Amino acid sequence: MNSMNDQRFFDLAMKVIVRQSSDAERRELDALLAGHPELKTKFEQLRGEARVAKEVLPLLAATESSAGELPPYARERLQTKVRQTFGRPVESRRPVLWGWRWAVAFASASAVIVLVWVGVFRQSQPVIQIAMLDLAGPTRGGGAAEEEALRNTWKAATVESFSKASEVEAWEQTWPAEAARPQVKIIYDRTAGELRVVGRVKGRTVQRTILVENDLARALRVADDFVREQTKR
Amino acid sequence: MPVSRTMTLPDLKALRRGDADAWDEAFDWLWPTAFAVARSKLQELLPAEVEDVAIETLEALVEKTAGVAKVEELKSLAASIAHNLAVSRLRERFAAKRGAGKTESLEARQDVDGNDCEPVAAETPLAELGQAELAELLGQLQRDLPAPQRAVVADFFLEGLSYEQIATKHGLAIGSVGVYLKRGLEAIRRQGAKHPKLLKELEAFLR
(Lines give C-alpha, C1' and ligand atoms only; values in the text may rest on other atoms or scores of the structure.)
Protein backbone atom coordinates (compact mmCIF):
# COMPACT_ATOMS: atom_id res chain seq x y z
CA MET A 1 0.00 0.00 0.00
CA ASN A 2 1.15 3.52 -0.61
CA SER A 3 1.39 6.00 2.23
CA MET A 4 -2.00 7.54 1.49
CA ASN A 5 -3.72 4.17 1.62
CA ASP A 6 -1.69 3.32 4.69
CA GLN A 7 -3.07 6.39 6.50
CA ARG A 8 -6.58 5.58 5.27
CA PHE A 9 -6.27 2.02 6.63
CA PHE A 10 -5.05 3.43 9.96
CA ASP A 11 -7.96 5.89 10.19
CA LEU A 12 -10.51 3.20 9.38
CA ALA A 13 -8.94 0.80 11.85
CA MET A 14 -8.98 3.42 14.61
CA LYS A 15 -12.63 4.25 14.05
CA VAL A 16 -13.61 0.58 14.04
CA ILE A 17 -11.56 -0.16 17.18
CA VAL A 18 -13.26 2.61 19.17
CA ARG A 19 -16.63 1.91 17.55
CA GLN A 20 -16.93 5.26 15.83
CA SER A 21 -17.11 3.92 12.27
CA SER A 22 -20.09 4.32 9.98
CA ASP A 23 -21.41 1.28 8.10
CA ALA A 24 -19.66 2.49 4.97
CA GLU A 25 -16.32 2.83 6.79
CA ARG A 26 -16.72 -0.63 8.30
CA ARG A 27 -17.38 -2.08 4.84
CA GLU A 28 -14.37 -0.22 3.44
CA LEU A 29 -12.13 -1.70 6.13
CA ASP A 30 -13.52 -5.19 5.56
CA ALA A 31 -12.78 -4.84 1.85
CA LEU A 32 -9.22 -3.69 2.59
CA LEU A 33 -8.64 -6.63 4.95
CA ALA A 34 -10.05 -9.07 2.38
CA GLY A 35 -7.79 -7.67 -0.34
CA HIS A 36 -4.69 -7.47 1.86
CA PRO A 37 -4.67 -10.36 4.36
CA GLU A 38 -1.38 -9.12 5.80
CA LEU A 39 -3.30 -6.15 7.20
CA LYS A 40 -5.21 -8.40 9.59
CA THR A 41 -2.12 -8.77 11.76
CA LYS A 42 -1.56 -5.03 11.54
CA PHE A 43 -5.15 -4.41 12.59
CA GLU A 44 -4.81 -6.65 15.65
CA GLN A 45 -1.53 -4.93 16.51
CA LEU A 46 -3.27 -1.56 16.41
CA ARG A 47 -6.02 -2.92 18.62
CA GLY A 48 -3.41 -4.02 21.17
CA GLU A 49 -1.67 -0.65 21.04
CA ALA A 50 -4.99 1.12 21.50
CA ARG A 51 -5.54 -0.99 24.59
CA VAL A 52 -2.17 0.07 26.01
CA ALA A 53 -2.89 3.70 25.11
CA LYS A 54 -6.14 3.61 27.04
CA GLU A 55 -4.31 2.30 30.08
CA VAL A 56 -1.22 4.44 29.97
CA LEU A 57 -2.70 7.83 29.06
CA PRO A 58 -4.51 8.38 32.37
CA LEU A 59 -1.24 7.64 34.18
CA LEU A 60 0.64 10.15 32.05
CA ALA A 61 -2.06 12.74 32.68
CA ALA A 62 -1.88 12.01 36.40
CA THR A 63 1.84 12.79 36.53
CA GLU A 64 0.98 16.32 35.43
CA SER A 65 -1.99 16.76 37.72
CA SER A 66 -1.78 19.45 40.38
CA ALA A 67 -5.40 19.35 41.49
CA GLY A 68 -6.50 18.23 44.92
CA GLU A 69 -5.00 18.46 48.37
CA LEU A 70 -3.67 15.86 50.75
CA PRO A 71 -6.33 15.23 53.44
CA PRO A 72 -5.07 16.60 56.77
CA TYR A 73 -5.68 13.30 58.57
CA ALA A 74 -3.27 11.53 56.20
CA ARG A 75 -0.33 13.80 56.95
CA GLU A 76 0.26 12.46 60.45
CA ARG A 77 0.13 8.87 59.19
CA LEU A 78 2.64 9.68 56.44
CA GLN A 79 5.01 11.49 58.79
CA THR A 80 4.90 8.43 61.05
CA LYS A 81 6.05 6.40 58.07
CA VAL A 82 8.88 8.87 57.48
CA ARG A 83 9.98 8.50 61.12
CA GLN A 84 9.82 4.71 60.94
CA THR A 85 11.75 4.60 57.67
CA PHE A 86 14.55 6.96 58.58
CA GLY A 87 14.86 5.67 62.10
CA ARG A 88 15.09 8.89 64.01
CA PRO A 89 12.78 11.62 65.24
CA VAL A 90 11.55 14.14 62.75
CA GLU A 91 13.38 17.43 63.04
CA SER A 92 11.49 20.01 64.99
CA ARG A 93 9.85 22.70 62.93
CA ARG A 94 10.12 25.36 65.64
CA PRO A 95 13.14 26.20 67.77
CA VAL A 96 12.73 24.66 71.20
CA LEU A 97 13.57 27.07 74.00
CA TRP A 98 14.75 24.68 76.70
CA GLY A 99 16.98 25.91 79.47
CA TRP A 100 16.87 26.10 83.23
CA ARG A 101 15.02 29.44 83.25
CA TRP A 102 12.37 27.98 81.00
CA ALA A 103 12.25 24.85 83.12
CA VAL A 104 11.52 26.88 86.26
CA ALA A 105 8.84 28.88 84.48
CA PHE A 106 7.38 25.74 83.03
CA ALA A 107 7.30 23.96 86.38
CA SER A 108 5.30 26.72 88.03
CA ALA A 109 2.85 26.98 85.16
CA SER A 110 2.44 23.33 84.35
CA ALA A 111 0.14 22.45 87.24
CA VAL A 112 -2.36 25.08 86.17
CA ILE A 113 -2.09 24.07 82.53
CA VAL A 114 -2.66 20.41 83.32
CA LEU A 115 -5.80 21.18 85.32
CA VAL A 116 -7.24 23.32 82.54
CA TRP A 117 -6.20 20.82 79.88
CA VAL A 118 -7.94 17.91 81.60
CA GLY A 119 -11.25 19.78 81.46
CA VAL A 120 -10.83 20.88 77.88
CA PHE A 121 -9.52 17.50 76.81
CA ARG A 122 -12.55 15.71 78.18
CA GLN A 123 -14.89 18.16 76.49
CA SER A 124 -13.17 17.62 73.14
CA GLN A 125 -13.08 13.82 73.33
CA PRO A 126 -15.70 12.27 71.07
CA VAL A 127 -18.38 9.94 72.34
CA ILE A 128 -17.80 6.76 70.35
CA GLN A 129 -20.28 3.92 70.03
CA ILE A 130 -19.65 0.75 68.10
CA ALA A 131 -22.06 -1.78 66.64
CA MET A 132 -21.20 -5.13 65.10
CA LEU A 133 -23.73 -6.53 62.66
CA ASP A 134 -23.46 -10.21 61.77
CA LEU A 135 -26.46 -11.59 59.94
CA ALA A 136 -25.08 -15.10 60.39
CA GLY A 137 -25.46 -14.71 64.14
CA PRO A 138 -22.96 -15.12 66.95
CA THR A 139 -22.09 -18.73 66.09
CA ARG A 140 -19.85 -17.82 63.19
CA GLY A 141 -16.15 -17.83 64.04
CA GLY A 142 -13.89 -14.80 64.43
CA GLY A 143 -16.42 -12.51 66.03
CA ALA A 144 -14.74 -12.35 69.43
CA ALA A 145 -11.35 -11.46 67.97
CA GLU A 146 -12.90 -8.79 65.80
CA GLU A 147 -14.80 -7.35 68.73
CA GLU A 148 -11.56 -7.22 70.67
CA ALA A 149 -9.88 -5.42 67.76
CA LEU A 150 -12.67 -2.86 67.79
CA ARG A 151 -12.36 -2.39 71.58
CA ASN A 152 -8.58 -2.02 71.31
CA THR A 153 -8.93 0.68 68.68
CA TRP A 154 -11.45 2.75 70.63
CA LYS A 155 -10.84 1.79 74.25
CA ALA A 156 -13.44 4.10 75.77
CA ALA A 157 -16.18 3.02 73.41
CA THR A 158 -19.12 0.72 74.00
CA VAL A 159 -19.56 -2.23 71.63
CA GLU A 160 -22.94 -3.78 70.86
CA SER A 161 -23.68 -6.82 68.70
CA PHE A 162 -26.67 -7.21 66.40
CA SER A 163 -27.88 -9.94 64.08
CA LYS A 164 -30.61 -7.96 62.31
CA ALA A 165 -30.06 -5.01 59.99
CA SER A 166 -33.24 -3.33 61.27
CA GLU A 167 -31.85 -3.32 64.82
CA VAL A 168 -28.67 -1.60 63.70
CA GLU A 169 -30.68 0.94 61.75
CA ALA A 170 -32.66 1.77 64.89
CA TRP A 171 -29.45 1.94 66.94
CA GLU A 172 -27.91 4.23 64.38
CA GLN A 173 -30.77 6.69 64.70
CA THR A 174 -30.42 6.99 68.47
CA TRP A 175 -27.81 9.51 69.52
CA PRO A 176 -26.54 10.28 73.02
CA ALA A 177 -27.99 13.36 74.68
CA GLU A 178 -24.53 14.85 75.26
CA ALA A 179 -24.50 17.20 72.27
CA ALA A 180 -21.53 19.32 73.40
CA ARG A 181 -19.02 16.62 72.45
CA PRO A 182 -18.52 15.13 69.00
CA GLN A 183 -20.47 11.89 68.63
CA VAL A 184 -19.37 9.03 66.46
CA LYS A 185 -21.03 5.73 65.62
CA ILE A 186 -19.00 2.97 64.04
CA ILE A 187 -20.86 0.11 62.40
CA TYR A 188 -18.90 -2.99 61.49
CA ASP A 189 -21.00 -4.99 59.04
CA ARG A 190 -19.30 -8.41 58.92
CA THR A 191 -21.55 -9.73 56.19
CA ALA A 192 -20.94 -6.84 53.82
CA GLY A 193 -17.29 -6.62 54.88
CA GLU A 194 -17.41 -2.92 55.55
CA LEU A 195 -16.80 -0.49 58.35
CA ARG A 196 -19.06 2.54 58.37
CA VAL A 197 -18.31 5.67 60.36
CA VAL A 198 -21.09 8.19 61.01
CA GLY A 199 -20.53 11.23 63.14
CA ARG A 200 -22.05 14.45 64.39
CA VAL A 201 -19.42 17.09 64.88
CA LYS A 202 -20.20 20.73 65.58
CA GLY A 203 -23.62 20.48 64.02
CA ARG A 204 -22.52 18.75 60.84
CA THR A 205 -22.78 15.13 59.83
CA VAL A 206 -19.69 13.27 58.63
CA GLN A 207 -19.48 9.77 57.30
CA ARG A 208 -17.21 7.36 55.53
CA THR A 209 -17.40 3.72 54.46
CA ILE A 210 -14.26 1.58 54.49
CA LEU A 211 -14.09 -1.83 52.86
CA VAL A 212 -12.51 -4.42 55.13
CA GLU A 213 -11.29 -6.86 52.47
CA ASN A 214 -9.88 -9.45 54.87
CA ASP A 215 -7.80 -6.82 56.61
CA LEU A 216 -9.76 -5.48 59.55
CA ALA A 217 -6.66 -4.00 61.17
CA ARG A 218 -6.05 -1.77 58.15
CA ALA A 219 -9.70 -0.76 57.95
CA LEU A 220 -9.66 0.11 61.67
CA ARG A 221 -6.58 2.28 61.19
CA VAL A 222 -8.26 4.14 58.34
CA ALA A 223 -11.43 4.58 60.38
CA ASP A 224 -9.47 5.76 63.43
CA ASP A 225 -7.56 8.30 61.31
CA PHE A 226 -10.85 9.54 59.95
CA VAL A 227 -12.42 9.85 63.41
CA ARG A 228 -9.39 11.70 64.75
CA GLU A 229 -9.33 14.08 61.83
CA GLN A 230 -13.02 14.84 61.96
CA THR A 231 -13.20 15.30 65.73
CA LYS A 232 -10.01 17.17 66.41
CA ARG A 233 -10.44 20.65 67.82
CA MET B 1 -13.55 22.27 43.76
CA PRO B 2 -10.04 21.17 42.75
CA VAL B 3 -7.26 23.56 43.68
CA SER B 4 -4.38 24.13 41.29
CA ARG B 5 -1.11 25.26 42.78
CA THR B 6 2.35 25.95 41.59
CA MET B 7 4.99 24.54 43.86
CA THR B 8 8.72 24.11 43.96
CA LEU B 9 10.17 20.65 43.67
CA PRO B 10 11.12 18.99 46.96
CA ASP B 11 14.81 18.59 47.72
CA LEU B 12 15.80 14.96 47.14
CA LYS B 13 18.72 15.13 49.58
CA ALA B 14 16.45 16.42 52.33
CA LEU B 15 13.96 13.65 51.59
CA ARG B 16 16.70 11.06 51.90
CA ARG B 17 17.61 12.51 55.30
CA GLY B 18 14.01 12.10 56.43
CA ASP B 19 13.48 15.84 56.83
CA ALA B 20 9.86 16.35 57.92
CA ASP B 21 9.32 19.65 56.14
CA ALA B 22 10.74 18.32 52.87
CA TRP B 23 8.43 15.34 53.12
CA ASP B 24 5.44 17.55 53.84
CA GLU B 25 6.26 19.42 50.65
CA ALA B 26 6.73 16.17 48.74
CA PHE B 27 3.42 14.74 49.97
CA ASP B 28 1.60 17.87 48.76
CA TRP B 29 3.40 17.64 45.41
CA LEU B 30 2.81 13.92 44.88
CA TRP B 31 -0.73 13.67 46.20
CA PRO B 32 -2.51 14.87 43.02
CA THR B 33 -0.74 12.18 40.97
CA ALA B 34 -1.39 9.34 43.39
CA PHE B 35 -5.00 10.38 43.85
CA ALA B 36 -5.67 10.86 40.12
CA VAL B 37 -4.37 7.37 39.29
CA ALA B 38 -6.27 5.72 42.14
CA ARG B 39 -9.43 7.51 41.08
CA SER B 40 -9.06 6.56 37.43
CA LYS B 41 -8.74 2.88 38.35
CA LEU B 42 -11.16 2.61 41.28
CA GLN B 43 -13.78 5.33 40.99
CA GLU B 44 -16.26 3.13 39.19
CA LEU B 45 -15.91 -0.11 41.12
CA LEU B 46 -14.36 0.72 44.50
CA PRO B 47 -14.81 4.45 45.08
CA ALA B 48 -14.41 4.14 48.85
CA GLU B 49 -10.87 2.85 48.31
CA VAL B 50 -9.54 5.74 46.23
CA GLU B 51 -8.22 7.88 49.07
CA ASP B 52 -6.77 4.94 50.95
CA VAL B 53 -4.85 3.69 47.92
CA ALA B 54 -3.47 7.19 47.32
CA ILE B 55 -2.25 7.38 50.93
CA GLU B 56 -0.70 3.91 50.75
CA THR B 57 1.06 5.01 47.58
CA LEU B 58 2.73 7.91 49.37
CA GLU B 59 3.65 5.62 52.28
CA ALA B 60 5.34 3.25 49.84
CA LEU B 61 7.18 6.13 48.19
CA VAL B 62 8.88 7.06 51.45
CA GLU B 63 11.05 3.97 51.04
CA LYS B 64 11.87 4.63 47.40
CA THR B 65 13.99 7.76 47.43
CA ALA B 66 17.24 5.81 47.32
CA GLY B 67 16.30 4.34 43.96
CA VAL B 68 15.69 7.58 42.05
CA ALA B 69 18.29 9.80 40.43
CA LYS B 70 16.11 12.91 40.21
CA VAL B 71 13.22 14.01 42.37
CA GLU B 72 11.00 14.33 39.27
CA GLU B 73 11.13 10.54 38.92
CA LEU B 74 9.04 10.25 42.08
CA LYS B 75 6.00 11.41 40.10
CA SER B 76 6.20 8.53 37.63
CA LEU B 77 6.91 6.18 40.49
CA ALA B 78 3.85 7.48 42.37
CA ALA B 79 1.67 6.86 39.31
CA SER B 80 3.13 3.39 38.92
CA ILE B 81 2.71 2.39 42.57
CA ALA B 82 -0.84 3.76 42.71
CA HIS B 83 -1.73 1.85 39.55
CA ASN B 84 -0.40 -1.46 40.83
CA LEU B 85 -1.96 -1.04 44.28
CA ALA B 86 -5.32 -0.21 42.69
CA VAL B 87 -5.15 -3.25 40.41
CA SER B 88 -4.31 -5.44 43.42
CA ARG B 89 -7.32 -4.07 45.30
CA LEU B 90 -9.57 -4.81 42.33
CA ARG B 91 -8.26 -8.33 41.98
CA GLU B 92 -8.59 -9.05 45.69
CA ARG B 93 -12.06 -7.60 45.83
CA PHE B 94 -13.40 -9.51 42.87
CA ALA B 95 -11.65 -12.71 43.80
CA ALA B 96 -13.29 -12.51 47.22
CA LYS B 97 -16.69 -11.76 45.77
CA ARG B 98 -16.40 -14.50 43.18
CA GLY B 99 -15.46 -16.88 45.97
CA ALA B 100 -18.53 -15.87 47.94
CA GLY B 101 -20.73 -16.06 44.85
CA LYS B 102 -21.90 -12.54 45.55
CA THR B 103 -21.50 -10.93 42.21
CA GLU B 104 -20.99 -11.43 38.52
CA SER B 105 -17.56 -12.46 37.32
CA LEU B 106 -15.18 -10.09 35.65
CA GLU B 107 -15.65 -12.01 32.44
CA ALA B 108 -19.41 -11.62 32.66
CA ARG B 109 -18.97 -7.91 33.11
CA GLN B 110 -16.78 -7.75 30.05
CA ASP B 111 -19.41 -9.58 28.03
CA VAL B 112 -22.13 -7.22 29.17
CA ASP B 113 -20.02 -4.22 28.24
CA GLY B 114 -19.23 -5.89 24.94
CA ASN B 115 -16.36 -3.58 24.24
CA ASP B 116 -13.07 -5.16 23.17
CA CYS B 117 -11.19 -1.91 23.47
CA GLU B 118 -12.20 -1.33 27.08
CA PRO B 119 -10.50 -3.85 29.31
CA VAL B 120 -11.95 -4.65 32.68
CA ALA B 121 -10.23 -2.46 35.23
CA ALA B 122 -8.15 -5.22 36.81
CA GLU B 123 -7.18 -6.89 33.53
CA THR B 124 -4.70 -4.41 32.20
CA PRO B 125 -1.59 -5.14 30.13
CA LEU B 126 0.32 -2.74 32.40
CA ALA B 127 -0.35 -4.92 35.44
CA GLU B 128 2.44 -7.28 34.39
CA LEU B 129 5.02 -4.54 34.76
CA GLY B 130 6.72 -4.04 38.09
CA GLN B 131 6.65 -0.64 39.77
CA ALA B 132 10.06 0.41 38.52
CA GLU B 133 9.41 -0.82 35.00
CA LEU B 134 6.08 0.95 34.70
CA ALA B 135 7.58 4.14 36.11
CA GLU B 136 10.35 3.89 33.53
CA LEU B 137 7.81 3.44 30.73
CA LEU B 138 5.92 6.53 31.90
CA GLY B 139 9.12 8.56 32.02
CA GLN B 140 10.03 7.46 28.49
CA LEU B 141 6.59 8.31 27.16
CA GLN B 142 6.68 11.73 28.80
CA ARG B 143 9.79 12.44 26.75
CA ASP B 144 8.74 10.68 23.55
CA LEU B 145 5.10 11.73 23.27
CA PRO B 146 4.88 15.51 22.81
CA ALA B 147 2.00 17.28 24.54
CA PRO B 148 0.01 18.05 21.32
CA GLN B 149 0.12 14.38 20.22
CA ARG B 150 -0.71 13.22 23.71
CA ALA B 151 -3.72 15.55 23.85
CA VAL B 152 -5.07 14.24 20.54
CA VAL B 153 -4.55 10.60 21.51
CA ALA B 154 -6.21 11.19 24.89
CA ASP B 155 -9.19 12.97 23.32
CA PHE B 156 -9.69 10.08 20.94
CA PHE B 157 -9.20 7.11 23.28
CA LEU B 158 -10.26 8.51 26.63
CA GLU B 159 -12.77 11.22 25.81
CA GLY B 160 -14.27 9.39 22.84
CA LEU B 161 -14.14 12.47 20.59
CA SER B 162 -14.48 11.95 16.84
CA TYR B 163 -11.87 13.07 14.28
CA GLU B 164 -14.09 16.07 13.49
CA GLN B 165 -14.47 17.09 17.15
CA ILE B 166 -10.73 16.79 17.76
CA ALA B 167 -9.94 18.86 14.66
CA THR B 168 -12.27 21.61 15.88
CA LYS B 169 -11.00 21.49 19.45
CA HIS B 170 -7.32 21.73 18.54
CA GLY B 171 -7.63 23.84 15.37
CA LEU B 172 -6.23 21.06 13.18
CA ALA B 173 -7.06 20.02 9.63
CA ILE B 174 -9.14 16.87 9.85
CA GLY B 175 -6.48 14.97 7.90
CA SER B 176 -3.92 15.84 10.57
CA VAL B 177 -5.88 14.17 13.36
CA GLY B 178 -5.12 10.69 12.04
CA VAL B 179 -1.46 11.62 11.55
CA TYR B 180 -1.21 12.78 15.19
CA LEU B 181 -2.91 9.59 16.36
CA LYS B 182 -0.62 7.43 14.28
CA ARG B 183 2.52 9.11 15.62
CA GLY B 184 1.17 8.84 19.14
CA LEU B 185 0.55 5.10 18.85
CA GLU B 186 3.97 4.66 17.21
CA ALA B 187 5.59 6.27 20.26
CA ILE B 188 3.65 3.96 22.57
CA ARG B 189 4.67 0.96 20.45
CA ARG B 190 8.31 2.09 20.37
CA GLN B 191 8.55 2.50 24.13
CA GLY B 192 6.37 -0.51 24.88
CA ALA B 193 8.69 -2.69 22.82
CA LYS B 194 11.50 -1.93 25.29
CA HIS B 195 9.59 -3.78 27.98
CA PRO B 196 9.50 -7.51 27.26
CA LYS B 197 6.68 -8.22 29.71
CA LEU B 198 4.43 -5.67 28.07
CA LEU B 199 5.37 -6.97 24.63
CA LYS B 200 4.53 -10.48 25.77
CA GLU B 201 1.13 -9.30 27.02
CA LEU B 202 0.41 -7.64 23.69
CA GLU B 203 1.46 -10.70 21.75
CA ALA B 204 -0.79 -12.83 23.92
CA PHE B 205 -3.60 -10.40 23.14
CA LEU B 206 -2.99 -10.89 19.39
CA ARG B 207 -3.30 -14.64 19.56
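**As for the overall build of chain B**
- Looking only at helices and strands, one finds 10 helices and 0 strands in chain B.
- Reading chain B from its N end, one meets helices and strands in the order α-α-α-α-α-α-α-α-α-α.
- When each of the 207 residues of chain B is scored for burial, the buried share is 43%.
- Within chain B, counting contacts between residues at least 6 apart in sequence, those at least 24 apart form 62% of the total.

**Here's the deal with the overall build of chain A**
- Tallying secondary structure elements over chain A gives 8 helices and 5 strands in all.
- Reading the secondary structure of chain A in the N-to-C direction produces α-α-α-α-α-β-α-β-α-β-β-β-α.
- Taking all 233 residues of chain A together, 24% fall into the buried category.
- Taking contacts inside chain A between residues at least 6 apart in sequence as the whole, the part at least 24 apart equals 56%.

**With respect to the pairing of strand β1 (residues 127–133) of chain A**
Residues and elements named next belong to chain A.
- Of all 7 residues in β1, 7 are buried; the element is thus mostly enclosed.
- The two faces of β1 match: Val127, Gln129, Ala131 and Leu133 on one face and Ile128, Ile130 and Met132 on the other face are all buried.
- Both β1 and strand β3 (residues 183–189) contribute to a ladder of 7 bridges, which runs parallel. Residue pairing across strands places Gln129 opposite Lys185, the latter belonging to β3.
- Relative to strand β2 (residues 158–162), β1 runs parallel, the two sharing 5 bridges. When the bridges of β2 are listed, Ile130 appears paired with Val159.

**What to know about the environment of Asp144 of chain B**
All names here are of chain B.
- Its location among the elements puts Asp144 in helix α6 (residues 131–144).
- Among the residues examined, Asp144 registers 15 C-beta atoms within 10 Å and is labelled partly exposed.
- For the pair Asp144 and Glu186, spaced 42 residues apart in sequence, the C-alpha separation works out to 10.0 Å.
- With residues near it in sequence (within four places) discarded, Asp144 still touches Ala187, Arg190 and Gln191.

**So, the pairing of strand β4 (residues 194–201) of chain A**
All names here are of chain A.
- Both β3 and β4 contribute to a ladder of 7 bridges, which runs antiparallel. By the bridge assignment for β4, Tyr188 is matched with Leu195.
- In sequence, β3 turns back onto β4 through a hairpin of 4 residues, with Gly193 there showing a positive phi of about 70 degrees.
- What sits between β4 and strand β5 (residues 204–211) in their antiparallel hairpin is a turn of 2 residues, with Lys202 showing a positive phi close to 50 degrees.

**Quick notes on the interface of chain A and chain B**
- Taken together, the contact pairs 53 residues of chain A with 64 residues of chain B.
- Considering each element in turn, the side of chain A that touches chain B owes the most residues, 20 residues, to helix α3 (residues 38–63) of chain A.

**A few points about the sheet that holds β1 of chain A**
Residue and element names in this part refer to chain A.
- An order of β2-β1-β3-β4-β5 is seen for the 5 strands of this open sheet, with the pairing classed as mixed. The two strands at the open ends of the sheet, each matched to only one other strand, are β2 and β5. Shown here is a sheet whose adjacent strand axes are inclined to one another by a mean of 15 degrees, direction ignored.
- In the packing of helix α6 (residues 143–153) onto the sheet, the strands contacted are β1, β2 and β3, and the crossing angle to β2 comes to about 150 degrees.
- Packed onto the sheet, helix α8 (residues 216–231) meets β3, β4 and β5 and runs at close to 10 degrees relative to β4.

**Points about the nonpolar core**
- Membership of the largest hydrophobic core comes to 96 residues, with the highest contact counts inside it found for Ala223 of chain A together with Leu30, Ala34, Ala38, Ala54 and Ala82 of chain B.
- The element that contributes the greatest number of residues to this core is helix α2 (residues 20–42) of chain B, accounting for 13 residues.
- Those residues in contact with Ala223 of chain A that sit more than four places away from it in its chain are Ile186, Leu195, Val197 and Ile210 of chain A.

**Overview of helix α7 (residues 147–157) of chain B**
- Among the residues making up α7 of chain B, those that are buried are Arg150, Val152, Val153, Asp155, Phe156 and Phe157 of chain B.
- Of the surrounding elements, those touching the buried residues of α7 of chain B are α3 of chain A together with α8 (163–170) and α9 (174–192) of chain B.

**Quick notes on the environment of Asp215 of chain A**
All names here are of chain A.
- Note on placement: Asp215 falls in the loop between β5 and α8.
- Under the C-beta neighbour-count criterion, Asp215 is labelled exposed, with 12 such atoms within 10 Å.
- Taking the C-alpha atoms as reference, Asp215 lies 9.7 Å from Gly193; in sequence the two are 22 residues apart.

**Some points on the confidence of the model for chain B**
Residues and elements named next belong to chain B.
- Overall, the predicted model of chain B reaches an average pLDDT of 82, with 80% of residues at or above 70.
- Looking across chain B, the model is least confident in helix α5 (residues 106–113), with a mean pLDDT of 41, and most confident in α8, with 96.
- Scored below 50 in pLDDT, residues 1–5 makes 7 contacts in the model with residues more than four places away or belonging to other chains.
- What the predictor reports for the complex is a pTM of 0.60 with an ipTM of 0.82.

**Concerning the packing of α7 of chain B against α8 of chain B**
Residues and elements named next belong to chain B.
- At a minimum axis distance of 10 Å, the contact between α7 and α8 shows a crossing angle of 140 degrees. Seen along the crossing, α7 lies across α8 with a hand that is right-handed. Along its contact with α7, which presents Ala151, Val152, Asp155 and Phe156, the element α8 presents Ile166, Lys169 and His170.
- Split into classes, the residues belonging to the contact of α7 with α8 amount to 4 nonpolar, 1 polar and 2 charged.

**With respect to unusual backbone geometry**
Residues and elements named next belong to chain A.
- With a phi angle near 60 degrees, Arg19 is a residue other than glycine that sits in the positive phi range.
- Positionally, Arg19 belongs in the loop between α1 (3–17) and α2 (23–35).
- By the C-beta count within 10 Å, which is 13 here, Arg19 ends up partly exposed.

**A few points about the packing of α3 of chain A against α2 of chain B**
- One way to put it is that α3 of chain A packs onto α2 of chain B with a least axis distance of 8 Å and a crossing angle of 155 degrees. The pairing of α3 of chain A with α2 of chain B is recorded here as roughly antiparallel in orientation. With respect to the hand of their crossing, α3 of chain A and α2 of chain B are arranged in right-handed fashion. Contact residues: α3 of chain A offers Pro58, Leu59, Ala62 and Thr63 of chain A, while α2 of chain B offers Thr33, Ala36, Val37 and Ser40 of chain B.

What counts, and where the lines are drawn
Residues numbered from 1 in each chain as written. Chains lettered and ligands numbered in written order. Predicted model: local features only at pLDDT ≥ 70, side-chain atom pairs only at ≥ 80, totals over all residues. Helix = DSSP H or I, 4+ residues; strand = E, 2+ residues; numbered from the N terminus. Buried ≥ 20, exposed ≤ 12 C-beta atoms within 10 Å, placed from the backbone. Contact = placed C-beta atoms within 7 Å. Pairing = 2+ DSSP bridges. Axes fitted to C-alpha atoms, helices over the stretch in contact; angles between N-to-C directions. Core = buried A, V, L, I, M, F, W, Y, C linked by C-beta atoms within 7 Å. pLDDT = per-residue confidence, 0-100. Left-handed = near helix turned anticlockwise from the far one by under 90°. Nonpolar A, V, L, I, M, F, W, Y, C, P; charged D, E, K, R; others polar. Parallel < 35°, antiparallel > 145°, perpendicular 65-115°, else oblique.

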